[in-house]
Amino acid sequence: MRNILLATAALTLIAAPAMAQDPAAPITGSIGYTQLDTDGGDLGAVTGRVGYDFTRNFGVEGEASIGVKDDDITFAGVDGKLEHDWDAAAYGVAKLPINPNLELFGRLGYGTTRATADVAGATASADGESVNYGVGANYFIDGRNGIRADWTRRDFRDDGAGEADTYGLSFVRRF
C-alpha cells in the first residue's frame, strides 16, 4: 500500500507542471507529413501551419504544403507520373478542449492545389480550387509541444475535378 501511495505522489508531482502551463497560448505552429489520396493517385507533402486562437474555442490557421512523394499513373495505356507541386489553404477552426493537453478540432476553409502530370513526354499542370473541411486532434505532451493528427476533405470546385482526402501527422507547438 505504501508503494502505491508513493507512486501516486510521484506521478502527481511529475504531471502537475504540465497541467500548470498556460493552455491558452494564442499562436500555434506545426510541421509534418500529409498524405493526399485522390482518384488519380496517392501523393505526399511536407506541410507547415500557423494558427491564431481568438478564444479557447475559435481561431484561424493557414497552411502550405510542398510535394515530396509522386505517384506512377497509367493514362490510356501509357505510363506516366503524377506530381503534387504545392498547395495552400486558410481555415476557420473550432476547438473543443478535453483537458489541458488534449483538444479536438473541426475546420472549414478554402484552398488551392497545383499538380503536374507527365505522360509519354507530355507535361500538363493544373490548379484546382477547393472548399476544405476536416477534423483532428492535438495532444500536447508538456503543455507546449505535441502531436497533431488530422483528416481533411478537399472538394474541388471545377467540374469533374472530384475530391481528395488528406491525412496528416505533425509536430505542433504553442507559442
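(A) Region of the structure containing the side chain of H84. With respect to the element layout, H84 can be found in strand β5 (residues 78–99). Of the polar contacts made by the side chain of H84, one reaches the side chain of D87; its length is 2.8 Å. Residues contacting H84, with those up to four places away along its chain left out, are L36, L43, G44, A45, S65, G67, D70, T113 and R114.

(B) Highlighting the confidence of the model for the protein chain. For the protein chain, mean pLDDT is 87; residues scoring 70 or higher make up 85% of the total. A low-confidence stretch, residues 1–23 stays under pLDDT 50, and its non-local contacts, those more than four residues away or across chains, total 11 contacts.

(C) Local environment of the pairing of strand β4 (residues 71–75). Pairing of β4 with β5 involves five bridges; the strand directions are antiparallel. By the bridge assignment for β5, F75 is matched with V78. The hairpin formed by β4 and β5 contains two residues between the paired strands, and A76 there has a positive phi angle of roughly 55 degrees.

(D) Focus on a nonpolar patch on the surface. Residues I27, V50, Y52, F54, V60 and F175 make up a contiguous nonpolar surface patch of roughly 600 Å² in combined accessible area. Position of V50 relative to the elements: it lies in strand β2 (residues 42–53).

(E) Local environment of empty space enclosed by the protein. Taken as a whole and judged by the stated rule, the model has two cavities of 30 Å³ or more. The computed volume of the largest cavity comes to approximately 120 Å³. What lines the largest cavity is a set of 19 residues, and nearest its centre among them are T28, E61, K95, N138 and R148. Mapped onto the lining of the largest cavity, the elements with two or more residues apiece are β1 (27–38), β2, β3 (58–69), β5, β6 (102–119) and β7 (122–140). Of the residues that constitute the lining of the largest cavity, the class distribution is seven nonpolar, six polar and six charged.

Scoring rules and cut-offs
Residues numbered from 1 in each chain as written. Predicted model: local features only at pLDDT ≥ 70, side-chain atom pairs only at ≥ 80, totals over all residues. Heavy atoms only, no water. Helix = DSSP H or I, 4+ residues; strand = E, 2+ residues; numbered from the N terminus. Polar contact = N/O pair within 3.5 Å; in protein donor to acceptor, adjacent residues only side chain to side chain. Contact = heavy atoms within 4.5 Å. pLDDT = per-residue confidence, 0-100. Pairing = 2+ DSSP bridges. Patch = residues over 30% accessible without salt bridge, like charges linked within 9 Å, V, L, I, M, F, W, Y side chains within 5 Å. Areas by Shrake-Rupley, 256 points an atom, 1.4 Å probe, with all protein chains shown as cover. Salt bridge = Lys/Arg side-chain N within 4 Å of Asp/Glu carboxyl O. 1 Å grid on protein atoms, 1.4 Å probe; cavity = no way out; pocket = protein on both sides within 12 Å on 5 of 7 lines; lining within 4 Å. Points joined across faces, edges and corners; volume = space filled by probe spheres on them. Nonpolar A, V, L, I, M, F, W, Y, C, P; charged D, E, K, R; others polar.

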